[in-house]
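Chain by chain, the residues run as shown.
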Amino acid sequence: MTPEGYLYLNPSTTGSKEDKLTSYIANVSGCTKKVQPLGTGMLRTEAYNLGINTITLEVERDNTYMSIASETV
């Protein structure tokens, strides 16, 4: 993870092990941690509906080639 990355969490994870792990990753890497509600069709929503805990990693993909963005994660 790089400082350009984002870690998205569900609001329901506040204070959980997932939240603590994400905070640690953000502190070490310098990336941004965001808490965002689930939305229809999101990968996090589908995983949540299946009972799978997820941390979604995102990188800038609109202003760079996808091959570079995928290597960043």
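Coordinates for the structure precede this section.
In this text, all values refer to a predicted model and were calculated from it rather than measured experimentally. (Residues numbered from 1 in each chain as written. Predicted model: local features only at pLDDT ≥ 70, side-chain atom pairs only at ≥ 80, totals over all residues. Heavy atoms only, no water.)

Details of the overall build of the chain
Quick note on the threshold: Each helix is a run of DSSP H or I of at least 4 residues and each strand a run of E of at least 2, with the numbering of both proceeding from the N terminus. The contact criterion used is simple: two residues touch if any of their non-hydrogen atoms lie within 4.5 Å. Computed by Shrake-Rupley with a 1.4 Å probe, the accessible areas treat only the displayed protein chains as cover when residues are assessed.
Counting its regular elements, the chain contains three helices and three strands. The helix and strand sequence of the chain, counted from the amino end, reads β-α-β-α-β-α. Taking the contacts inside the chain whose residues are at least 6 apart along the sequence as the reference set, 64% of them involve residues at least 24 apart. Total accessible area on the chain is roughly 5200 Å²; 54% of this is exposed by carbon and sulfur atoms.

Focus on the environment of Ala26
Relative to the helices and strands, Ala26 is located in helix H1 (residues 17-29). The residues touching Ala26, leaving out its near neighbours within four places in the chain, are Leu7, Cys31 and Lys33.

Focus on the pattern of salt bridges
Once their charged atoms are close, side chains differing in charge can pair, the charge on each being opposite to the other. Operational definition: The salt bridge criterion pairs a side-chain nitrogen of Lys or Arg with a carboxyl oxygen of Asp or Glu, the two atoms within 4 Å.
Applying the stated criterion across every chain yields a total of one salt bridge. Measuring nitrogen to oxygen at the nearest pair gives 2.5 Å for the salt bridge that ties Asp19 to Lys33. Of this pair, Asp19 sits in helix H1 while Lys33 sits in strand E2 (residues 32-35); the two residues are 14 residues apart in sequence, bridging distant segments of the chain.

Looking at the pairing of strand E1 (residues 6-9)
Two faces, one strand: in a regular strand the side chains alternate between the faces of the sheet. Applicable threshold: At least two DSSP bridges between two strands are required for those strands to pair. With strands facing away from the observer, any crossover in which the path from the first strand over the helix to the second runs clockwise is taken as right-handed.
Note: E1 against E2, four bridges, orientation parallel. Pairing of Tyr6 across the sheet is with Thr32, part of E2. For the crossover that starts at E1, traverses H1 and ends in the parallel E2, the hand is right-handed.

Things to note about a nonpolar patch on the surface
Put simply, the rule is: Only residues whose relative accessible area exceeds 30% and that form no salt bridge enter a patch; like-charged residues are grouped when within 9 Å of one another, and nonpolar side chains (Val, Leu, Ile, Met, Phe, Trp, Tyr) when within 5 Å.
Residues Leu21, Tyr24 and Val28 make up a contiguous nonpolar surface patch of roughly 330 Å² in combined accessible area. Within the secondary structure, Leu21 is located in helix H1.

Thoughts on the side chain of Thr13
Note the threshold: Burial classes follow relative accessibility: with a 1.4 Å probe on protein chains only, a residue under 20% of its type's maximum area counts as buried, one over 50% as exposed, and anything between as partly exposed.
Take Thr13: it is sitting in the loop between E1 and H1. Overall, Thr13 belongs to the buried group, its relative accessible area being 8%. Other than its neighbours up to four places away in sequence, Thr13 contacts Glu18 and Asp19.

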